[in-house]
Amino acid sequence: MAAPRPAHGCGSGALLGRFGVLLQALLALCAFSTLMLKRFKEPKEERRPWRIWFYDTSKQGIGALFIHFANVFLSDLTEEDPCSLYLINFILDATLGMLLIWLGVKVVSWIVHRKKYTYLVFGEYGDPPQAAAWIGQCILYLLIMAFEKTVISLVLFIPGWTKLQQILLGYIPSPQLELVLVMFVVPFIVNAIMFWVVDSLIMRKCKQKDTLDINGSMEAPHARRTEESQVLLSPEMDFDQSESDQDISGLQGMNQKMKQPSYQVVI
């Protein structure tokens, strides 16, 4: 016997039905394609090797799967419209949750740098890359995701979400159309932005690799070229060059005077 469907919205179990699972698989494929596009948009000199790219993006993939299935589980517990509750969860994850993820990454990175745990720095896997470093960073990122989802779940206990849930998708008469909007259209747009931002947040910064501090022995090639061009175009260099030109012209004048014939007066 099929689960009863409310007057508006999709029925209980719709998120895990055959059509819902198909939409989720299509969403995962499109989200993965977004990360592929981001890699090819990176400058060639800063583009990550495939192994490093996989380590970076797989952390996001594991975290996104954790959040997604947590939302599906929490939404399916209600007897109300699970689609609208999933959408509320997703919108909170993309707004307040994004801020919590950023804060969590910053706090964890500060602790890791303070304790000097090199392999737990996001985006740093050693040379050659070590799978143990990737596993450790995955665990840290999952802890950040768990913290974010716990806070979002507590926010949902605030009164007022039920009324929003009733009017959010109540104007859509077709439950399948509502499922497409909730499980594919809105998540694809928001996930594309979130994946792009989070990948930039947790990837290794190439500028930090090239640029050393004052005690280092080398700087980035671009910085060296910039400094050289500044030196060559500086007014002090022009002044020195003008002085050298004057010196050369003075020497040439002396040589000409020495070459002039001298006359002696004989009495």
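Bear in mind that the values here come from a model prediction, so they are computed numbers and not experimental data. (Residues numbered from 1 in each chain as written. Predicted model: local features only at pLDDT ≥ 70, side-chain atom pairs only at ≥ 80, totals over all residues. Heavy atoms only, no water.)

J.: Where do I start with the environment of Met98 in this structure?
T.: Checked against the element boundaries, Met98 lands in helix α4 (residues 96-115). Residue Met98 is classed as buried on the basis of its relative accessible area, which comes to 17%. Put simply, Met98 and Val198 are 100 residues apart on the chain and 8.6 Å apart in space, counted from C-alpha to C-alpha. If near-sequence neighbours (up to four positions away) are discounted, Met98 is found in contact with Asp93, Met194, Val197 and Val198. (Helix = DSSP H or I, 4+ residues; strand = E, 2+ residues; numbered from the N terminus. Buried < 20%, exposed > 50% of the residue type's maximum accessible area, 1.4 Å probe, protein only. Contact = heavy atoms within 4.5 Å.)

J.: Any chance you could explain the nonpolar core here in plain terms?
T.: In terms of nonpolar packing, the biggest core is built from 16 residues, with Leu15, Cys83, Tyr86, Leu179, Val182 and Met183 touching the most fellow members. Apart from residues no more than four positions distant in its own chain, Met183 is found in contact with Leu15, Leu23, Gln24, Leu27, His68 and Tyr86. Residues Ile101, Val108, Val121 and Ile144 belong to the second largest nonpolar core, which totals 15 residues. (Core = buried A, V, L, I, M, F, W, Y, C linked by side-chain atoms within 4.5 Å.)

J.: Explain unusual backbone geometry here, please?
T.: Cis geometry marks the peptide bond from Asp127 to Pro128, where omega comes out at 5 degrees. Along the chain, Pro128 turns up in the loop between α4 and α5 (131-155). Positioned with a positive phi, Lys116 is a non-glycine residue whose angle comes to about 60 degrees.

J.: Sorry, what's going on with the side chain of Asn191 here?
T.: Position of Asn191 among the secondary structure elements: in helix α7 (residues 175-202). By relative accessible area, Asn191 is classed as buried at 12%. Filtering out sequence-adjacent residues up to four positions away, Asn191 remains in contact with Leu27 and Phe90.

J.: Help me out: how do you make sense of the packing of aromatic side chains in this one?
T.: Centre-to-centre distance and the angle between the planes together describe a pair of aromatic rings. Under the definition given, this model contains nine aromatic pairs. Ring centres of Phe54 and Tyr55 lie 6.2 Å apart, and the angle between their planes is 50 degrees; this geometry places the pair in the tilted category. Given the relative accessible area of 44%, Phe54 is considered partly exposed. Aromatic side chains Phe184 and Phe188 sit 6.1 Å apart centroid to centroid with 10 degrees between the ring planes, which places their arrangement in the stacked category. (Phe/Tyr/Trp six-rings, centres within 6.5 Å; stacked < 30°, edge-to-face > 60°.)

J.: What is the right way to read the pattern of salt bridges from this model?
T.: In a structure, side chains of opposite charge can pair up when their charged atoms sit close to one another. On inspection of all chains with the given rule, the structure shows seven salt bridges. The residue Arg48 makes a salt bridge to Asp56 at a minimum N-O spacing of 2.9 Å. Across the pair, Asp56 and Arg48 agree in class, each one buried. The partner of Lys59 in a salt bridge is Asp56, and the shortest N-O contact between them spans 3.6 Å. Taken together, the residues Lys59 and Asp56, both in helix α2 (residues 50-76) and three residues apart, mark about one turn of the helix. Across this residue pair, the class does not change: Lys59 and Asp56 are buried. By sharing partners, the salt bridges in this structure join Lys38, Glu42, Arg48, Asp56, Lys59 and Asp199 into a single network. (Salt bridge = Lys/Arg side-chain N within 4 Å of Asp/Glu carboxyl O.)

J.: Would you take a moment to explain the packing of helix α3 (residues 82-94) against α4 for this structure?
T.: When two helices pack together, their arrangement is captured by the angle between the axes and the distance separating the axes. Where α3 meets α4, the closest approach of the two axes is 3 Å, and the angle between their N-to-C directions is 40 degrees. The orientation of α3 with respect to α4, classified from their angle, is oblique. Along its contact with α3, which presents Leu92, Asp93 and Ala94, the element α4 presents Leu96, Gly97 and Met98. Partitioning the contact of α3 with α4 into residue classes produces four nonpolar, one polar and one charged. (Axes fitted to C-alpha atoms, helices over the stretch in contact; angles between N-to-C directions. Parallel < 35°, antiparallel > 145°, perpendicular 65-115°, else oblique. Nonpolar A, V, L, I, M, F, W, Y, C, P; charged D, E, K, R; others polar.)

J.: Whenever I open this one, the confidence of the model for the protein chain confuses me. Can you help?
T.: As a note on interpretation, predicted positions should not be read in detail where pLDDT is low. This prediction gives the protein chain a mean pLDDT of 75; 70% of its residues lie at or above 70. Element-level mean pLDDT values for the protein chain span from 45 in helix α8 (residues 206-210) up to 93 in α5. Here residues 207-229 is modelled with pLDDT under 50, and outside its nearest four sequence neighbours on either side it reaches 10 contacts, counting other chains as well. Across residues 262-267, confidence stays below pLDDT 50; counting only partners more than four residues off in sequence or on other chains, it has zero contacts. (pLDDT = per-residue confidence, 0-100.)

J.: Looking at this structure, how should I read the packing of α2 against α7?
T.: In contact at an axis separation of 11 Å, α2 and α7 are set at 140 degrees when each is read in the N-to-C sense. Accordingly, the angle class assigned to the pair α2 and α7 is oblique. α2 and α7 meet at a crossing whose hand is right-handed. Counting all contacts with α2, which are made through Asp56, Thr57, Lys59, Gln60, Ala64 and His68, the residues of α7 involved are Met183, Met194, Phe195, Val198, Asp199 and Ile202. (Left-handed = near helix turned anticlockwise from the far one by under 90°.)

J.: What is the right way to read a nonpolar patch on the surface from this model?
T.: Residues Leu37, Val185, Phe188, Ile189, Ile193, Trp196 and Val197 make up a contiguous nonpolar surface patch of about 600 Å² in total accessible area. Top contributing element to the nonpolar patch by residue count: α7, with six residues. Following the sequence through the fold, Phe188 ends up in helix α7. (Patch = residues over 30% accessible without salt bridge, like charges linked within 9 Å, V, L, I, M, F, W, Y side chains within 5 Å. Areas by Shrake-Rupley, 256 points an atom, 1.4 Å probe, with all protein chains shown as cover.)

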